[in-house]
Amino acid sequence: MSSNKKLFIQTLGCQMNDTDSQHIVAELEKHKDYSQTDVMEDADLIIINTCSVREKPVQKLFSEIGQFNKKKKDGAKIGVCGCTASHLGKDIIKRAPYVDFVVGARNISKIKDVVDIKGSVEISIDNDDSMYEFATAKTNKYRASVNISVGCDKKCTYCIVPSTRGEELSIPVEMIVDQVQKSVNQGAVEVMLLGQNVNSYGRRFSDGREKSTFTKLLQEVSKVEGLERIRFTSPHPLHMDDEFIEEFAKNKKISRCIHMPLQSGSTSILKAMKRGYTKEWFLNRTAKIRSLVPDLRITTDIIVAFPGETEADYQDTLDVVREAKFDQIFNFKYSPRPGTEALKMEDLAVPDKIGSARLIELIELHKRHLEAIMPTYVGQTFSVLVESLKPNGEVCGFTDNYLQVFAKGSDELLGKFVNVKITDNSRTSLKGEIVQ
Ligand code: 5AD
Ligand code: SF4
């Protein structure tokens, strides 16, 4: 059905936010007759779906909505959704009175109820069954994202998520499997399972049913016929038990790339962060999983300059980086967040100059690692799932261990697996030729 009302949505932040945006679009298309546009100036409704995990996105939010307000067409509405909406609530409307409504990350399915009510603010983090409505929209035809849980029960002392997304609840396995099957029926080959802490899947369901585990969920999802590749984020190193690692190693549908957020390599900083594991445990987990999955790639998140981080603590982080040989690192400088425990540790704050220097050194160390490892792929042949065709006639896709590969090709290859012999590399991607 075509509609006259146009929706423009901008997403800041993590993959969870991307899925929430798909959910918002799906809800507004289904119930409110909107259709999506890429041109903000054409939109009748402008939504910004935000992230508040670090401070920068919050500043970005206010500068972006200011710009939207200047350039929007007459009478267009502006809504703010997501984590920043959860934690700033009605202060957003106080600071930017042209904002029409505010919907928190836990309340996305209320979007259809508030979109027409000027000044409404929905940010409760109490449980609500409507979370079970999955989005039907997809950003990539061959890849679907499916939420497996909402919220987070951990209390990492730097993290704002538990206060914006509420307590953790798992979505029933049959609903997830059904959603994966639906996505596959619509052409998806790969699924990304999403939760703040996927390894704690199954500890609590909203209908009070018996507990389950992430390992069992992986086994069920992998039975979906036509589904070729399973990815997930984020696991928690503390809960990566042997059973999970063994399933990861033997289940051929699971992508050979895993995200293991280290945060810090220092046992005492990990304790102050309430991460629940030690430097040794983390290294034990990476060693175990690498020993079972030889072509594994590991990605990680690291925070430098957490309050109280000494030079020796920081050196522990560098030690782990050297030993775990991460294939990709998302580096962050600690950013104090409202309502978190770490906020009370201000007297231990690391001077900004030191934080910046640590960040730069870490990035340089990782660059050198990539410069050493990426050329070793040249000459090898990989199976690549082709996802897109570039204007220059190259197709782009990912290997099983999630290396990005470019090769000359055509649109007939989209959604298919092809063998690519690697001929060249950069620090972050590979180039090659399609071979039989
Ligand atoms: N400061 C800096 N980085 C943070 N992250 C979460 N909270 C903070 C914070 N207060 C990082 C963590 C997390 C990633 C999503 O963002 O590394 O894994
Ligand atoms: Fe935040 Fe820790 Fe939960 Fe991740 S596990 S969302 S870092 S509280």
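Treat the numbers as computed from the prediction; the structure is a model and nothing was measured. (Residues numbered from 1 in each chain as written. Chains lettered and ligands numbered in written order. Predicted model: local features only at pLDDT ≥ 70, side-chain atom pairs only at ≥ 80, totals over all residues. Heavy atoms only, no water.)

1. Side note on helix H8 (residues 214-221)
Just so we agree on the cut-off: Residue burial is assigned from relative accessible area. The probe radius is 1.4 Å, only protein chains are included, and a residue is buried under 20% of its type maximum, exposed over 50%, and partly exposed in between. Counting from the N terminus, the helices are the DSSP runs of H or I reaching at least four residues and the strands are the DSSP runs of E reaching at least two. The arc in question is formed by the directions pointing from the helix axis toward the C-beta atoms. Contacts are residue-level and defined by heavy atoms, with any inter-residue pair within 4.5 Å sufficient.
Every buried residue of H8 is listed here: Phe214, Thr215, Leu217, Leu218 and Val221. Viewed end-on, H8 has its buried residues packed into an arc of 160°, placing them on one side of the element. For H8, the secondary structure elements touched by its buried residues are helix H7 (173-185), strand E10 (190-194), strand E11 (229-233) and helix H9 (242-250).

2. A few points about the pattern of salt bridges
For clarity, the cut-off: One side-chain nitrogen of Lys or Arg within 4 Å of one carboxyl oxygen of Asp or Glu is enough to make a salt bridge.
Using the criterion set out here, one finds 34 salt bridges in the structure. The closest approach of N and O atoms between Lys94 and Asp91, which form a salt bridge, is 3.6 Å. Here Asp91 and Lys94 lie together in helix H4 (residues 91-95), a separation of three residues that amounts to about one turn. Across the pair Lys250 and Glu247 runs a salt bridge, and its minimum N-O distance is 4.0 Å. Taken together, the positions of Lys250 and Glu247, both in helix H9 and three residues apart, correspond to about one turn of that helix.

3. Re the site of ligand 1
As a reminder of what qualifies: Nearness here has a simple test: a residue counts as near a molecule or strand if at least one of its heavy atoms is within 4 Å of that partner. Whenever a nitrogen or oxygen atom comes within 3.5 Å of another N or O atom, the pair is scored as a polar contact, on the condition that within protein one atom can donate a hydrogen and the other can accept it, and that pairs from neighbouring residues in sequence are kept only if both atoms are in side chains. Per-residue and other accessible areas were derived by the Shrake-Rupley procedure at a 1.4 Å probe size, with only the shown protein chains allowed to occlude residues. Residues were grouped as follows: Ala, Val, Leu, Ile, Met, Phe, Trp, Tyr, Cys and Pro as nonpolar; Asp, Glu, Lys and Arg as charged; and all remaining residues, including Gly, as polar.
Taken together, Val53, Arg54, Tyr158, Gln263, Asp301, Ile303, Phe332, Lys333, Tyr334, Ser335 and Arg337 form the complete shell of residues around ligand 1. Contact between ligand 1 and Ser335: a nitrogen atom at 2.7 Å from a main-chain N or O atom of the residue. Compared with its free state, where it exposes 400 Å², ligand 1 has 86% of that area covered by protein. Listing elements by their share of the shell around ligand 1, those giving two or more residues are strand E13 (297-304) and strand E14 (328-333). Of the residues belonging to the shell around ligand 1, the class tally is five nonpolar, two polar and four charged.

4. Considering the nonpolar core
Where we set the bar: Note on terminology: a nonpolar core comprises buried Ala, Val, Leu, Ile, Met, Phe, Trp, Tyr and Cys residues joined through side-chain atoms within 4.5 Å.
Counting residues in each nonpolar core, the largest one holds 50 residues, and the members touching the most others are Ile176, Leu193, Phe214, Phe232, Ile258 and Ile289. Of the residues forming this core, the biggest block, five residues, is contributed by helix H12 (residues 311-324). If sequence neighbours within four positions are ignored, Ile289 has contacts with Met240, Ile245, Phe248, Ile258, Met260, Leu296 and Ile298. Counting 19 residues, the second largest nonpolar core, distinct from the first, contains Ile46, Val58, Phe62 and Phe68.

5. Quick notes on the site of ligand 2
Close contacts around ligand 2 come from Cys152, Lys154, Cys156, Tyr158, Cys159, Val161, Pro162, Gln196, His236 and Arg275, and that covers them all. Among the residues making up the shell around ligand 2, the classes are represented as six nonpolar, two polar and two charged.

6. Details of the domain arrangement of the protein chain
In many analyses, interface size is given as the accessible surface area lost on bringing the parts together. Stated precisely, the cut-off is as follows: Start and end points for every domain follow an automatic or database-based domain assignment. Once two parts are joined, some of their accessible surface, as seen by a 1.4 Å probe, is lost; buried area is that loss totalled over both.
Parsing the protein chain into structural domains produces domain 1 (6-122), domain 2 (143-373) and domain 3 (378-435). Centre-to-centre, using C-alpha coordinates, domain 1 lies 27 Å away from domain 2. Across the domain 1/domain 2 interface, buried area totals approximately 1,600 Å², and carbon plus sulfur atoms make up 54% of it. Three residues stand out in domain 1 for area buried against domain 2, namely Met16, Arg54 and Arg106, and they jointly supply 40% of the buried area on that side. Inspection of the region where domain 1 meets domain 2 yields one salt bridge. For Asp20, the salt bridge identified is with Arg165, shortest N-O distance 3.0 Å. Viewed at the interface, domain 2 and domain 1 are joined by four residue pairs in polar contact (both at pLDDT 80 or more).

7. Things to note about the packing of aromatic side chains
To keep things clear, this is the line we draw: Centres within 6.5 Å make a pair out of two Phe, Tyr or Trp rings, where for Trp the six-membered ring is used; the pair is then stacked when the planes are under 30 degrees apart, edge-to-face when over 60, and tilted otherwise.
The tally for this structure, following the rule as stated, stands at 12 aromatic pairs. Considering the side-chain rings of Phe244 and Phe248, the 6.3 Å spacing of their centres and the 50° angle between planes classify their relative orientation as tilted. Placement of the pair is Phe244 and Phe248 together in helix H9, with a separation of four residues, close to one helical turn. Like Phe244, the residue Phe248 is buried in the burial classification.

8. Comments concerning the packing of H7 against H8
Which entries qualify depends on this criterion: The axes used here are C-alpha line fits, helices contributing only the stretch in contact, and every angle between their N-to-C directions lies in the interval 0 to 180 degrees. By definition, any crossing whose near helix is turned counterclockwise from its far helix by less than a right angle is left-handed, and any crossing with a clockwise turn is right-handed.
One way to put it is that H7 packs onto H8 with a least axis distance of 10 Å and a crossing angle of 35°. Our pair here, H7 against H8, has a crossing hand that is right-handed. Of the residues in H8, those touching H7 at Val173, Ile176, Val177 and Val180 are Leu217, Glu220 and Val221. Its residues assigned to classes, the contact of H7 with H8 shows six nonpolar, no polar and one charged.

9. A closer look at helix H13 (residues 352-373)
Note the threshold: By this rule, a helix spans an expected 1.5 Å times one less than how many residues it contains.
Helix length check: H13 (22 residues) gives 32 Å between terminal C-alpha atoms against 32 Å at 1.5 Å per residue, within 8%. By the burial criterion, the buried members of H13 are Gly355, Arg358, Leu359, Leu362, Leu365, His366, His369 and Leu370. Summarising the axial view, the buried residues of H13 lie within an arc of 140°, below the 170-degree limit, and thus occupy one face. For H13, exposure combined with an orientation more than 90 degrees from the buried face picks out Lys353, Ile360, Arg368 and Ala372. In this fold, the buried residues of H13 make contact with E13, H12 and E14.

10. Comments concerning the sheet that holds strand E12 (residues 257-259)
Here is the rule: Whether two strands pair comes down to DSSP finding at least two bridges between them.
If you walk across this open sheet you meet the three strands as E12-E13-E14, and the pairing is parallel. In this open sheet, the two edge strands, each paired with only one partner strand, are E12 and E14. The mean inter-strand angle of the sheet, taken between neighbouring strand axes irrespective of direction, is 15°. For E13 and E14, the ladder comprises six bridges, and the chain directions are parallel. Residue pairing for E14: Ile303 is matched across the bridge by Phe332. Against the sheet, H13 makes contact with E13 and E14, and its axis sits at roughly 175° relative to E14, the strand it touches most.

11. A word on the pairing of strand E16 (residues 394-399)
In the case of a regular strand, side chains alternate between the two sheet surfaces. Most of E16 is tucked away, with six of its six residues classed as buried. Looking at chain direction, strand E15 (residues 381-389) and E16 are connected through five bridges and run antiparallel. In the sheet register, Val386 faces E16, and the bridge partner there is Gly397. Following E15, the chain reverses through four residues before pairing antiparallel with E16; Gly393 in that reversal takes a positive phi of roughly 85°. Relative to strand E17 (residues 404-408), E16 runs antiparallel, the two being bridged by five bridges.

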